[in-house]
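Listed here are the chains, written in short residue letters.
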Amino acid sequence: MPELPEVETVRRGLAPVMEGQRIALARVNRPDLRWPFPERMAERLTGARVERLRRRSKYILADLDTGETLLIHLGMSGRMLVSGDALGRFVHDHPAPEKHDHVVFDMADGARVTFNDPRRFGAMDLMGTETAEAHPLLAALGPEPLGNAFSESHLVAALKGRNMPVKSALLDQKIVAGLGNIYVCEALFRAGIHPGRRVSRISEKRLAALVPVIRQVLAEAIEAGGSSLRDFRQADGELGYFQHSFDVYGREGQPCRTPGCTNSVHRIVQSGRSSFYCPGCQR
């Protein structure tokens, strides 16, 4: 699944084309993706003006002037592709329709935004903007890791008394929203903490120090355009580049990049997910 940097990269790519623009025509080409589309979705979106495009965790939220908010989840292979941008920021010509172009937005200025999802694990929903935070997918989410609410004191308090592996704790969306396997592995490496170490065996000082490290990793990944693993693409179709900066993720058996360290990167499986770490640098 795309993680926070990938979703934020897509949001930033869509914002110049969608924010402040009206959806001249919305087309829904199938009845469902991961779950059924809301009733009359194309009709409810057609003519609506996108007031704001924001992100919550791994979801893109488009607030409309109709009082509704469109929720978009990219799933495993979902892509939001832009064409025909009148200002020339993207490829101008609209490509020929593809088999998996499930939702298409023709914007009033001539741009087109296409949601393409071959595996159909993505999702879209419509809800009232004023009650959006109560949506079942959003209601239990923790603070955004790049927001002020994700502080050292919050993380220490949220993890107090827990006896679970620190990686599992950071993947808990109720503790912090938007973190996924890739960037938790990278953050734990930079913090020098073994992914299997129990939270109860980590000092509050070391837990607090994770907060700026997590922020830094995410900020660098967003700046690089996310990580192009499997099917992820930016809104303009370009690949992300942060995967070239991975210190441990996907580097099993390769030398640790820490100067002076002679260890190689190891991999273990935690709750069905691969964790990558350096046994010499992470304790």
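What counts and how
- Residues numbered from 1 in each chain as written.
- Predicted model: local features only at pLDDT ≥ 70, side-chain atom pairs only at ≥ 80, totals over all residues.
- Heavy atoms only, no water.
- Helix = DSSP H or I, 4+ residues; strand = E, 2+ residues; numbered from the N terminus.
- Rg over C-alpha atoms; globule rule 2.2 N^0.38 Å.
- Buried < 20%, exposed > 50% of the residue type's maximum accessible area, 1.4 Å probe, protein only.
- Contact = heavy atoms within 4.5 Å.
- Areas by Shrake-Rupley, 256 points an atom, 1.4 Å probe, with all protein chains shown as cover.
- Lys, Arg positive; Asp, Glu negative; His and termini not counted.
- Charge placed at Lys NZ, Arg CZ, Asp CG, Glu CD.
- UniProt positions renumbered as here; feature names shortened; annotations may be inferred.
- Expected span 1.5 Å × (residues − 1).
- Phe/Tyr/Trp six-rings, centres within 6.5 Å; stacked < 30°, edge-to-face > 60°.
- Salt bridge = Lys/Arg side-chain N within 4 Å of Asp/Glu carboxyl O.
- Core = buried A, V, L, I, M, F, W, Y, C linked by side-chain atoms within 4.5 Å.
- Axes fitted to C-alpha atoms, helices over the stretch in contact; angles between N-to-C directions.
- Parallel < 35°, antiparallel > 145°, perpendicular 65-115°, else oblique.
- Left-handed = near helix turned anticlockwise from the far one by under 90°.
- Nonpolar A, V, L, I, M, F, W, Y, C, P; charged D, E, K, R; others polar.

## Some details on the overall build of the protein
If you tally the helices and strands in the protein, you get six helices and ten strands. Its C-alpha atoms give the protein a radius of gyration of 20 Å, near enough to 19 Å, the size a compact globule of 283 residues would have. Along the first, second and third principal axes, the C-alpha set of the protein runs to 55 × 35 × 30 Å. By residue count, 51% of the 283 residues in the protein fall in the buried class. A separation threshold of at least 6 residues defines the contact pool for the protein, and within that pool the share at least 24 residues apart is 65%. When the accessible area of the protein is evaluated, it comes to approximately 12800 Å², of which 49% is carbon and sulfur surface. Separation of charge centres in the protein, based on 38 positive and 33 negative side chains, amounts to 9 Å.

## Concerning the UniProt feature "domain: FPG-type" (unreviewed entry) in the protein
The UniProt feature table records "domain: FPG-type" (unreviewed entry) at residues 247-283. Along residues 247-283 the backbone is 0% helical and 27% strand, and the end-to-end C-alpha distance reaches 16 Å.

## A few points about helix 6 (residues 204-223)
Owing to its 3.6 residues per turn, the α-helix aligns residues three or four sequence positions apart on the same side. Relative to the 28 Å expected for 20 residues at 1.5 Å per residue, helix 6 spans 30 Å between its end C-alpha atoms, a close match to the ideal helical length. The complete set of buried residues in helix 6 reads Leu207, Ala208, Leu210, Val211, Val213, Ile214, Val217, Leu218, Ala221 and Ile222. Where helix 6 is buried, its residues contact helix 1 (4-18), helix 3 (152-159), helix 4 (166-171) and helix 5 (181-191). Looking at the residues trailing helix 6, positive phi occurs at Gly225, about 85 degrees.

## Thoughts on the packing of aromatic side chains
One pass over the full model with this rule turns up two aromatic pairs. Judged by centre distance (5.1 Å) and plane angle (65 degrees), the ring pair of Tyr249 and Phe276 falls under edge-to-face. Taken together, the positions of Tyr249 in the loop between helix 6 and strand 9 (266-270) and Phe276 in strand 10 (residues 273-277) put the pair 27 residues apart, joining distant regions of the chain. Note on accessibility: Tyr249 and Phe276 belong to one class, buried.

## Topic: the pattern of salt bridges
Per the counting criterion, the structure on display carries 19 salt bridges. Here Arg52 makes a salt bridge to Asp63, at a shortest N to O gap of 3.5 Å. Of this pair, Arg52 sits in strand 2 (residues 50-56) while Asp63 sits in strand 3 (residues 59-64), placing them eleven residues apart in sequence. With its nearest N and O atoms 3.2 Å apart, the salt bridge here joins Glu252 to Arg267. Of the two residues, Glu252 sits in the loop between helix 6 and strand 9 while Arg267 sits in strand 9, which places them 15 residues apart along the sequence. We classify Glu252 as partly exposed; its relative accessible area is 46%. Here the salt bridges share partners, and the residues they tie into one network are Glu8, Arg11, Arg12, Arg52, Arg54, Arg55, Arg56, Asp63, Glu133 and Glu144.

## Examining the nonpolar core
What tends to happen in soluble globular proteins is that the nonpolar side chains get buried as a cluster. In terms of nonpolar packing, the biggest core is built from 41 residues, with Leu155, Val166, Leu170, Leu210 and Ile214 touching the most fellow members. Looking at this core, the elements that each hand over two or more residues are helix 3, helix 4, helix 5 and helix 6. A total of ten residues in this core trace back to one element, the largest contributor, which is helix 6.

## Points about the packing of helix 1 against helix 6
Each pair of packed helices gets described by two things: the angle between the helix axes and the distance between those axes. Contact pair helix 1 / helix 6: the axes reach a minimum separation of 9 Å and the direction vectors enclose 40 degrees. By the angle between their axes, helix 1 is oblique relative to helix 6. Remark: the crossing between helix 1 and helix 6 carries right-handed chirality. Every residue of helix 6 that contacts helix 1 at Leu4, Pro5, Glu8, Thr9 and Arg12 is listed here: Leu218, Ala221 and Ile222. The residue inventory of the contact of helix 1 with helix 6, partitioned by class, reads five nonpolar, one polar and two charged.

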